[in-house]
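Each chain is listed here by its residues.
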Amino acid sequence: MHYDVIVLGAGSMGMAAGYFLSKSGKRTLLVDSFNPPHNKGSHHGDTRIIRHAYGEGEKYVPLALKAQELWNDLEKVTGKQLFLPTGVLNVGYEKTDFIQNIISSSKTYSLPLEILGSIEVNKRWPGITLPNKYIGCFEPTSGVLKCEECIEAYRELAERNGAAIITNSKVKEIMVHDKKVTIKTDDHTFSANALVVSAGAWSGSLLSMLDLNVPLNPVRKTFAWFDVNEDLYNHKEFPAFSFETSQGHYYGFPNIDGSGLKVGRHDGGETINPDEAILGFGELEKDATDLRQFLHHYMPSTQQLKYGKTCMYTLTPDEDFIIDLHPTYSNVAIASGFSGHGFKFSSVVGQILSELIISGKTEHNISPFSINRF
Ligand SMILES: Cc1cc2nc3c(=O)[nH]c(=O)nc-3n(C[C@H](O)[C@H](O)[C@H](O)COP(=O)(O)OP(=O)(O)OC[C@H]3O[C@@H](n4cnc5c(N)ncnc54)[C@H](O)[C@@H]3O)c2cc1C
């Protein structure tokens, strides 16, 4: 069967693209090595933070706002709660780029932001012990996305729109010729007029089949859940958080319906080959000790480690994304290198990929995410 579009990699970005393409009437095939959502890539672990005032730079704010609008639409269409309005507390030294970007982007885009000293933070959330060298920037309108449920929702709608999805099938070859694309798995060959490559941590080797040598670095990341006192850390009172401290950059989530408090470290991690087995949580001694020392300093009322998991980031050298058309093949769109902060944007990235495939352009400013910048 020949399709209008093949989406290679039906994870966070690919599943959203599959939804928008199929909604536009494109005969769409999604192919994935596993059965998304799954726990082998970058999108598992229950929750992802969505922030609007953006520490990584103002260029992300219009995308974050559009992404939020599309998540709200997805909730309406499915009748499911995918977003929890917990608010997000960003903590850091006042003079850092991260905090200054949050403050300036909230001003430029009139986003609600409460700038709090450490005493105010500690009083408002007694589960936090913030030293007075830090400030808190609380964004009351942002919050938490239920990541696997978001992917499930897009999958359900894409299939309802007529998209086909082939699971547990790893793409091993890609060929582009005369405006036609062919991909091969062990068992099948599929062709289409256009291709979206959204293969997360595996993108590097697939893009090299399209003559692109992109400096992508897949990194092992760890996160874990800790027992907590519900009164102090439940999601109706306690926000999601991102702490840029002198010991490292940590993020986390309140206790959601008995989950425990989830915490992970954003910086650091070990470069890996995504095709090889990755060490599980706790196989490196620092996995647990690192998170414990963060909690010991900043959230000392947290209790026992419940369990932890590993996941992968795909880092670009500047930690900005790649969202672009292939420089040679205008029928190939690429979304990769989401550098550990991409999930919140996956709704809008899916829409952008669909626009790039259908019309070759998008109204969003994706020039900072050009593949040619490397
Ligand atoms: C621990 C952790 C915490 C995070 N926290 C946040 C957060 O709070 N907020 C936020 O916005 N972002 C966060 N992120 C980042 C975010 O989750 C990722 O940026 C995002 O999920 C990347 O999406 P993706 O589509 O590129 O990759 P994925 O969702 O992994 O999808 C890629 C898909 O491609 C498939 N694939 C790969 N190769 C092939 C092949 N050869 N053939 C067929 N299929 C293939 C894979 O099976 C996979 O399903 C976090 C990431 C991690 C790991």
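To be clear, the structure that these remarks concern was listed above.
Residues numbered from 1 in each chain as written. Predicted model: local features only at pLDDT ≥ 70, side-chain atom pairs only at ≥ 80, totals over all residues. Heavy atoms only, no water.

Asks: What exactly am I supposed to notice about the environment of phenylalanine 253 here?
Replies: One can find phenylalanine 253 in strand E15 (residues 248-253). Residue contacts for phenylalanine 253: discarding those within four places in its chain leaves Thr47, Arg48, Ile49, Val144, Ala240, Phe241, Leu261 and Lys262. (Helix = DSSP H or I, 4+ residues; strand = E, 2+ residues; numbered from the N terminus. Contact = heavy atoms within 4.5 Å.)

Asks: Looking at this structure, I do not really get the sheet that holds strand E3 (residues 47-50). What am I missing?
Replies: Whenever strands of a sheet pair, they do so through backbone hydrogen bonds, lying parallel or antiparallel. Ordered in space as E3-E8-E4, the three strands form an open sheet in which the pairing is antiparallel. Where the open sheet ends on each side, the last strands, each with one partner, are E3 and strand E4 (83-84). Note that E3 and strand E8 (residues 143-146) share four bridges and pair antiparallel. Bridging from a neighbouring strand, isoleucine 49 pairs with valine 144 of E8. Sheet strands touched by helix H5 (residues 147-160): E3 and E8. Its angle to E8, the strand with the most contacts, is close to 50°. (Pairing = 2+ DSSP bridges. Axes fitted to C-alpha atoms, helices over the stretch in contact; angles between N-to-C directions.)

Asks: I'm lost on the packing of aromatic side chains in this one. Help?
Replies: The geometry of an aromatic ring pair is captured by two quantities: the separation of the ring centres and the angle between the planes. Inspection of every chain in the model, using the stated rule, returns 28 aromatic pairs. Relative to tryptophan 225, the ring of phenylalanine 223 has its centre 5.5 Å away and its plane inclined at 65°; by these criteria the two rings are edge-to-face. The burial state of phenylalanine 223 is the same as that of tryptophan 225; both residues are buried. Between phenylalanine 243 and phenylalanine 294, the ring centres sit 5.5 Å apart and the planes meet at 85°, which makes this aromatic pair edge-to-face. Of this pair, phenylalanine 243 sits in strand E14 (residues 240-245) while phenylalanine 294 sits in helix H8 (residues 286-298), placing them 51 residues apart in sequence. Its relative accessible area of 0% is what places phenylalanine 243 among the buried residues. A network of ring pairs unites the aromatic residues Tyr93, Tyr134, Tyr233, Phe238, Phe241, Phe243, Tyr250, Phe294 and Tyr298 as a single cluster. The ring of phenylalanine 34 carries lysine 40 above its face, with NZ or CZ at 5.6 Å from the centroid. (Phe/Tyr/Trp six-rings, centres within 6.5 Å; stacked < 30°, edge-to-face > 60°. Buried < 20%, exposed > 50% of the residue type's maximum accessible area, 1.4 Å probe, protein only. Lys NZ or Arg CZ within 6 Å of the ring centre and 35° of its normal.)

Asks: Would you mind showing me how to read unusual backbone geometry here?
Replies: For residues other than glycine, phi is negative in most cases, and the peptide bonds are mostly trans. The step from proline 36 to proline 37 runs through a cis peptide bond, and the omega angle for that step is -5°. Within the secondary structure, proline 37 sits in the loop between strand E2 (28-31) and E3. In this structure, serine 110 is a non-glycine residue whose phi angle is positive, near 50°. Tracing the backbone shows serine 110 in the loop between helix H3 (97-108) and strand E6 (114-117).

Asks: Can you walk me through the site of the ligand in this structure?
Replies: The immediate surroundings of the ligand are formed by 35 residues, with Ser12, Asp32, His38, Cys311 and Lys344 found nearest. Interatomic distance of 2.7 Å between a side-chain N/O atom of serine 12 and an oxygen atom of the ligand. The backbone of glycine 340 places a nitrogen or oxygen atom 3.4 Å from a nitrogen atom of the ligand. Of all the secondary-structure elements, those providing two or more residues to the shell around the ligand are helix H1 (12-23), E3, E15 and strand E18 (305-315). Per-element tally for the shell around the ligand: the top contributor is E18, with three residues. Here the shell around the ligand is built from residues that sort into 17 nonpolar, 14 polar and four charged. (Near = heavy atom within 4 Å. Polar contact = N/O pair within 3.5 Å; in protein donor to acceptor, adjacent residues only side chain to side chain. Nonpolar A, V, L, I, M, F, W, Y, C, P; charged D, E, K, R; others polar.)

Asks: Explain a negative patch on the surface to me, please; I cannot follow it from the model alone.
Replies: Taken together, Glu230, Asp231, Glu237 and Asp257 make up a surface patch of like negative charges. Looking at where glutamate 237 falls in the secondary structure, it is placed in the loop between helix H7 (230-233) and E14. (Patch = residues over 30% accessible without salt bridge, like charges linked within 9 Å, V, L, I, M, F, W, Y side chains within 5 Å. Areas by Shrake-Rupley, 256 points an atom, 1.4 Å probe, with all protein chains shown as cover. Salt bridge = Lys/Arg side-chain N within 4 Å of Asp/Glu carboxyl O. Lys, Arg positive; Asp, Glu negative; His and termini not counted. Charge placed at Lys NZ, Arg CZ, Asp CG, Glu CD.)

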